[in-house]
Amino acid sequence: MTAVPMIELWRGGMLESAHAGHAVIFGPGGIEAAWGDPAAVIYPRSSCKMVQALPLIESGAAHAAGLTDRQLALSCASHSGGAMHVQGVQAWLATLGLAEPDLRCGPQMPRDRAEMKQVICSESAPCQLHNNCSGKHAGFLTLGRHLGAGPEYVEIDHPVQRAVRAAFEEVTQEASPRFGIDGCSAPNFACTISGLARSMQFFAAANPEGPIREAAAARLTRAMMAFPELVAGEGRACTALMRALNGKGAVKTGAEGVFVAILPEQRRGIAVKIADGATRAAEAAITALLVRIGALDAADPVVEQYIPRAMTNRRGLVVGEMRLAPGFA
């Protein structure tokens, strides 16, 4: 099966743009609903950061380092590089006797407007702490230090990445066929869209008092839900949607049109991949699916924010609308 139409943009009574993709809702009994091809192989990109953080807790590294839920939320984050994110990661590294040069994620201009202004006006350069993945990398460094491993933790044969791959393949229940290098230089393991949804269902059903992997998954989910502003930032879909879910779920975006959701109350996981990589379509699709399963009220303002029925131009005139494609959600 190929990708199916999901999100449409209409202007002047004409379909102007359309986004196709794949999506799976995975429940306790398996796939409950699917669009496109559940067997489509994708890179989950940053949507799977909570999976990459599992060894951090399972190994005992998080406990040994005394990590808080705030730090665990940062380990799952694609943050905006705001002061709270930068300072949080910097303080975390300091507890390990490490600093910004020990990161291997590369510098990135912060997305946070205040921090961006500070960088530009001070005529300084952005650093690796501003990188949206710096929290994940702080987690990798914490795990590497606990394992007594070397500093090049993003190498595919490093003990950190071997642990990440093992956890990834266990929760997706698939042998990853390949890997690519993510924007932050870490390996990103491929899986099917159904495998990604299955892994999110594992997190959703995880027992906080259960086996170590379940307890780790439950704690990471709890941390994300408790600190949505650390997982992304103000004005970001992950933060806005988690606030609207109000403790009923965690969501996470990934580059190239990937979005996932963890719904503990429903013991369901969701995965979306937009074929053309459009973020706006991925945000709309995950919002629509959250409404479909009853996790999000259709009347909540966040729904209009990501599936706008009234798209305005720079003068405030209504010039179009976003619609769900027939047959989707």
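This write-up is about the structure you can find in this document. (Residues numbered from 1 in each chain as written. Predicted model: local features only at pLDDT ≥ 70, side-chain atom pairs only at ≥ 80, totals over all residues. Heavy atoms only, no water.)

Turning our attention to helix α8 (residues 159–172). The end-to-end C-alpha distance of α8, which contains 14 residues, comes to 20 Å, matching closely the 20 Å that a straight helix rising 1.5 Å per residue would cover. Q173 sits one or two residues past α8 and shows a positive phi near 60°. (Helix = DSSP H or I, 4+ residues; strand = E, 2+ residues; numbered from the N terminus. Expected span 1.5 Å × (residues − 1).)

A contiguous nonpolar surface patch, about 260 Å² in accessible area, is contributed by I156, F179 and I181. Among the residues examined, I156 registers a relative accessible area of 33% and is labelled partly exposed. (Patch = residues over 30% accessible without salt bridge, like charges linked within 9 Å, V, L, I, M, F, W, Y side chains within 5 Å. Areas by Shrake-Rupley, 256 points an atom, 1.4 Å probe, with all protein chains shown as cover. Salt bridge = Lys/Arg side-chain N within 4 Å of Asp/Glu carboxyl O. Buried < 20%, exposed > 50% of the residue type's maximum accessible area, 1.4 Å probe, protein only.)

Counting across every chain of the model gives one cavity of 30 Å³ or more. Considering only enclosed or pocket space, the largest cavity measures out at about 40 Å³ in volume. Taken together, Q52, A53, L56, S75, K136, G139, F140 and L143 make up the lining of the largest cavity. Ranked by the residues each element gives to the lining of the largest cavity, the list is headed by helix α7 (residues 134–147), at four residues. Partitioned by chemical class, the residues of the lining of the largest cavity number four nonpolar, three polar and one charged. (1 Å grid on protein atoms, 1.4 Å probe; cavity = no way out; pocket = protein on both sides within 12 Å on 5 of 7 lines; lining within 4 Å. Points joined across faces, edges and corners; volume = space filled by probe spheres on them. Nonpolar A, V, L, I, M, F, W, Y, C, P; charged D, E, K, R; others polar.)

Here helix α9 (residues 193–205) crosses helix α10 (residues 212–226) at 90°, and the two axes come no closer than 8 Å. Taken together, the axes of α9 and α10 are roughly perpendicular relative to one another. In this structure, α9 contributes F202, F203 and A205 to the contact, and α10 contributes R213, E214, A217, L220 and T221. (Axes fitted to C-alpha atoms, helices over the stretch in contact; angles between N-to-C directions. Parallel < 35°, antiparallel > 145°, perpendicular 65-115°, else oblique. Contact = heavy atoms within 4.5 Å.)

Before going further, it helps to spend a moment on the layout of surface pockets. Empty space within the largest pocket amounts to approximately 460 Å³. In terms of lining residues, the largest pocket is bounded by 27 residues, among which S78, R111, N132, R236 and T253 are the most central. Of all elements in the fold, only α12 (237–245), β8 (250–254) and α13 (279–292) reach the threshold of two or more residues within the lining of the largest pocket. Its residues assigned to classes, the lining of the largest pocket shows nine nonpolar, 13 polar and five charged. One number sums up the size of the second largest pocket: a volume of about 180 Å³. Each residue belonging to the lining of the second largest pocket can be placed in one class, and the counts come to nine nonpolar, no polar and four charged.

Once that is clear, we can look at the side chain of T253. Following the sequence through the fold, T253 ends up in strand β8. Using a relative accessible area of 16% as the deciding quantity, one classes T253 as buried.

Further remarks concern the packing of aromatic side chains. In this structure the tally under the stated criterion is five aromatic pairs. Their ring planes at 85° and their centres at 6.1 Å tell us that F202 and F203 sit as a pair that is edge-to-face. Given the relative accessible area of 22%, F202 is considered partly exposed. When its relative accessible area of 2% is taken as the criterion, F203 is described as buried. Aromatic rings pair up to connect F168, F179 and F189 into one cluster. Here R323 stacks its cationic end above the ring of W10, 4.0 Å away from the centre of that ring. (Phe/Tyr/Trp six-rings, centres within 6.5 Å; stacked < 30°, edge-to-face > 60°. Lys NZ or Arg CZ within 6 Å of the ring centre and 35° of its normal.)

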